[in-house]
Amino acid sequence: MNLSESARAVFAVLAASGTATRPQLAAGAGLSKPTVSTAVAELEGAGLAACSGTASGGTGRSAAVYALGPAAGAVLAVDLGPTHTQVRGCALDGTLLARGTGPRADSADTVRAALRALPAGAPLRAVVVAVGDVTARDRDGTGMRPATAKAGPAFDAMAVALPKDVPVHLENNVNCAALAELHQGAARARDSFGYLRIGVGIGLGIVIGGRVLRGANGAAGELARLPYPWDDGREPRREALEERMGSRSLLDRAADAWRDADGADGPCPRTPERLFALAEEGHSTARSVVGRHAADIGRLAAAVVAVLDPGLIVLGGAVGAFPQLLPGVREELARLSWPTEVVSSMVGDSGTVAGASRLAVAHGIETVTGGVRVKH
């Protein structure tokens, strides 16, 4: 948009704060009060800001309070998960406007429903799609797409629902979840940490100095590519470590343990949730399976610590977030590496879409301001 530099700066501060008086905008933007008054008038004229009320100051005088205007618009965040798609629509101050969840096969319909729920006439400023894949430039160099077939077809099926004239940004789903942990989860107030996701697949979100590390190829944290197995007589296979650590193999090992156990109580669990529930109840076979899986995760965490020394590992994902894993992971990590705190995720299943929403808001503000960067 054709805004003055001061109006761009004031808009970015207003979006970050939600509501603010002119003195607060002046302090946040580092501008003089007269300059801010001119900028606010410019934003009001463009529908990007509006007076939302008044606030009493310490001297008894009232000050006008400003919020985003109707033309500021909205953004969309999409978590294209392995089984389900979660969608959130937000205003540029982060206010939740719409949400939806549906089967991954119906992702386009879930996105369309969320778009219909956004305020009528509000321009869509940006879309962020979280995918379980590395992202890369498409063939004509104009946009991003999943780099492999792991998420490519699902992204293409969903993308038909997105408006053609809106910038679409792709981000790895584990990186998005790491952002959520940083800002509203288990890693708040921490400068550096590793978010280790264990679920259907595995992945690592790396935060260094408060920022997500993406790497030269956008592939930082792709633990599935670690060589495995790595011993005499066996050649490493591509993504064999993910196959070993994923939830499907965990349930296969549980089935083997149930067959081998003498007098095991009850049927073999068919879901991780049931396996961990049995372990919590003290079921010996379930506890043994969970204990071995915790040790495996502890060894993986030791590899992360050996490279990054992050000081904190947050365990997340459909399997990793179960707190029953913590004692075994901590014990194995302590045996193999130097002291590192290990905690469970606090953002749960919504972590990826929450992190994607933060990114979408930041990109949306940059769209309006023509590049004034927002920390995310």
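Since the model is a prediction, treat every value here as computed from it, not as a measurement.

Here we look at helix α9 (residues 272-280)
One turn of the α-helix equals 3.6 residues, which is why residues spaced by three or four share an orientation.
(1) Moving on: Among the residues of α9, those classed as buried are P272, L275, F276, L278 and A279. All buried residues of α9 fall inside an arc of 155° around its axis, so they share one side.
(2) Moving on: In this fold, the buried residues of α9 make contact with α8 (247-260), α10 (284-308) and α11 (317-320).
(3) Moving on: Just beyond α9, the residue with positive phi is G282, at close to 95°.

Considering the sheet that holds strand β7 (residues 124-131)
(1) Moving on: As summarised here, the arrangement of the five strands in space is β6-β5-β4-β7-β10, forming an open sheet in which the pairing is mixed. Both outer strands of the open sheet, β6 (96-103) and β10 (168-172), are each paired with one neighbouring strand and no more. When strand polarity is set aside, the average angle formed by the axes of neighbouring strands in this sheet is 15°.
(2) Moving on: Contacts from helix α5 (residues 152-159) reach β4 (74-80), β7 and β10, with the element oriented near 145° to β4.

Notes on the pattern of salt bridges
(1) Moving on: As enumerated under the stated definition, the model contains 13 salt bridges in all.
(2) Moving on: With a shortest N-O distance of 3.1 Å, D109 and R112 are connected by a salt bridge. Note that D109 and R112 are positioned in helix α4 (residues 107-117) at a spacing of three residues, about one turn of the helix.
(3) Moving on: The exposure class of D109 is partly exposed, given its relative accessible area of 46%.
(4) Moving on: Residue classification places R112 among the partly exposed residues on the basis of a relative accessible area of 31%.
(5) Moving on: A salt bridge links D256 to R259, with the shortest nitrogen-to-oxygen separation between them at 2.2 Å. With D256 and R259 both in helix α8 and three residues apart, this pair spans about one turn of that helix.
(6) Moving on: Judged by its relative accessible area of 37%, D256 falls in the partly exposed class.
(7) Moving on: Taking relative accessible area as the criterion, R259 reaches 60% and is therefore assigned exposed.
(8) Moving on: Within the structure, one salt-bridge network assembled from shared partners comprises R244, D296, R299, E332 and R335.

Section: unusual backbone geometry
(1) Moving on: With an omega dihedral of -10°, the bond running from Y228 to P229 counts as a cis peptide bond.
(2) Moving on: Take P229: it is sitting in the loop between β13 (211-212) and α7 (240-245).
(3) Moving on: Phi is positive for A189, which is not a glycine, with a value near 70°.
(4) Moving on: Relative to the helices and strands, A189 is located in the loop between α6 (173-184) and β11 (193-198).
(5) Moving on: On the accessibility criterion, A189 (85% relative accessible area) is exposed.
(6) Moving on: We note that D309 has phi near 45°; this positive angle belongs to a residue other than glycine.
(7) Moving on: Within the secondary structure layout, D309 lies in the loop between α10 and β14 (312-316).
(8) Moving on: D309 sits in the partly exposed class, given a relative accessible area of 46%.

Rules and cut-offs
Residues numbered from 1 in each chain as written. Predicted model: local features only at pLDDT ≥ 70, side-chain atom pairs only at ≥ 80, totals over all residues. Heavy atoms only, no water. Buried < 20%, exposed > 50% of the residue type's maximum accessible area, 1.4 Å probe, protein only. Helix = DSSP H or I, 4+ residues; strand = E, 2+ residues; numbered from the N terminus. Arc of directions from axis to C-beta. Contact = heavy atoms within 4.5 Å. Pairing = 2+ DSSP bridges. Axes fitted to C-alpha atoms, helices over the stretch in contact; angles between N-to-C directions. Salt bridge = Lys/Arg side-chain N within 4 Å of Asp/Glu carboxyl O.

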